[in-house]
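Letter by letter, the chains look like this.
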Amino acid sequence: MIREPRNGDAPLDTTFGLLLEKIRYEGAYPTRERAEESLRAVLGALGRQVTGDERVALAAALPEEAARVFTAEVPAVRQLAGAAFVRELAERTGGTPVTARWDAGVVLSRLAALVGDDLVADVVRHLPPGYALLFGRAELLAQAA
């Protein structure tokens, strides 16, 4: 299901700026530029993983500049599980798995707060295991009978 963006009445530049400031604060990044590097790296990596209606809905819910970063990446042929997503993010940024996990957690939990629980649940449901925790959500696994 396609949802209307939650930030429809807010000026998009201001919303992107506020998003960056919240990421900078929550991630304890020393500069706005460092927060923006993390945001762009994580959004690009996520853009390679999310497909279909969830991709469209998530892009519509993001500030315009963030949506451009997210949709600029062509979805991968094979989706990565959460741990592999973090490893690939570390490789692409030249960081460590620990810093990549931090960046992913900060950015994705802030995006979750921006776009809402329903959309996050839709996105996570269509990704391999391991993303819920990156979005700051519990990962519930089906139990075998």
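Everything discussed here concerns the structure shown above.
These lines cover the structure that appears in this document, whether it is placed above or below. The structure displayed is predicted, hence computed values, not measured ones.

## A closer look at the overall build of the chain
From N to C terminus, the chain includes eight helices and zero strands. Taken from N to C terminus, the helices and strands of the chain fall in the order α-α-α-α-α-α-α-α. Taking all 145 residues of the chain together, 44% fall into the buried category. The contacts of the chain with a sequence gap of at least 6 include a subset with a gap of at least 24, amounting to 68%. Carbon and sulfur atoms make up 56% of the accessible area of the chain, which amounts to about 7,900 Å² in all.

## Digging into the side chain of Arg110
Following the sequence through the fold, Arg110 ends up in helix 6 (residues 97-115). Other than its neighbours up to four places away in sequence, Arg110 contacts Leu19, Lys22, Ile23 and Glu26.

## Quick notes on the nonpolar core
Ranked by internal contacts, the top residues of the largest apolar core, which has 45 residues, are Leu62 and Phe135. Elements supplying a minimum of two residues to this core: helix 1 (12-27), helix 2 (32-47), helix 3 (52-61), helix 4 (64-72), helix 5 (82-93), helix 6, helix 7 (117-125) and helix 8 (131-134). For this core, the element with the highest residue contribution is helix 6, accounting for nine residues. Ignoring sequence-local partners within four residues, the contact set of Phe135 consists of Leu46, Leu108, Ser109, Ala112, Val120, Val123 and Val124.

## Concerning the packing of helix 3 against helix 4
Relative to each other, helix 3 and helix 4 sit at 155°, their axes nearing to 8 Å. With respect to their mutual orientation, helix 3 and helix 4 come out roughly antiparallel. Of the residues in helix 4, those touching helix 3 at Arg55, Leu58 and Ala59 are Ala67, Phe70 and Thr71. Looking at the contact of helix 3 with helix 4 residue by residue, the classes come out as four nonpolar, one polar and one charged.

## Structural notes on the environment of Pro63
Looking at the element boundaries, Pro63 is found in the loop between helix 3 and helix 4. Here Pro63 falls in the buried class, since its relative accessible area comes to 0%. Once the C-alpha coordinates of Pro63 and Leu19 are considered, the two residues, 44 residues apart in sequence, prove to be 8.6 Å apart.

The rules behind each value
Residues numbered from 1 in each chain as written. Predicted model: local features only at pLDDT ≥ 70, side-chain atom pairs only at ≥ 80, totals over all residues. Heavy atoms only, no water. Helix = DSSP H or I, 4+ residues; strand = E, 2+ residues; numbered from the N terminus. Buried < 20%, exposed > 50% of the residue type's maximum accessible area, 1.4 Å probe, protein only. Contact = heavy atoms within 4.5 Å. Areas by Shrake-Rupley, 256 points an atom, 1.4 Å probe, with all protein chains shown as cover. Core = buried A, V, L, I, M, F, W, Y, C linked by side-chain atoms within 4.5 Å. Axes fitted to C-alpha atoms, helices over the stretch in contact; angles between N-to-C directions. Parallel < 35°, antiparallel > 145°, perpendicular 65-115°, else oblique. Nonpolar A, V, L, I, M, F, W, Y, C, P; charged D, E, K, R; others polar.

As far as function goes, none of this settles anything; it's purely spatial.
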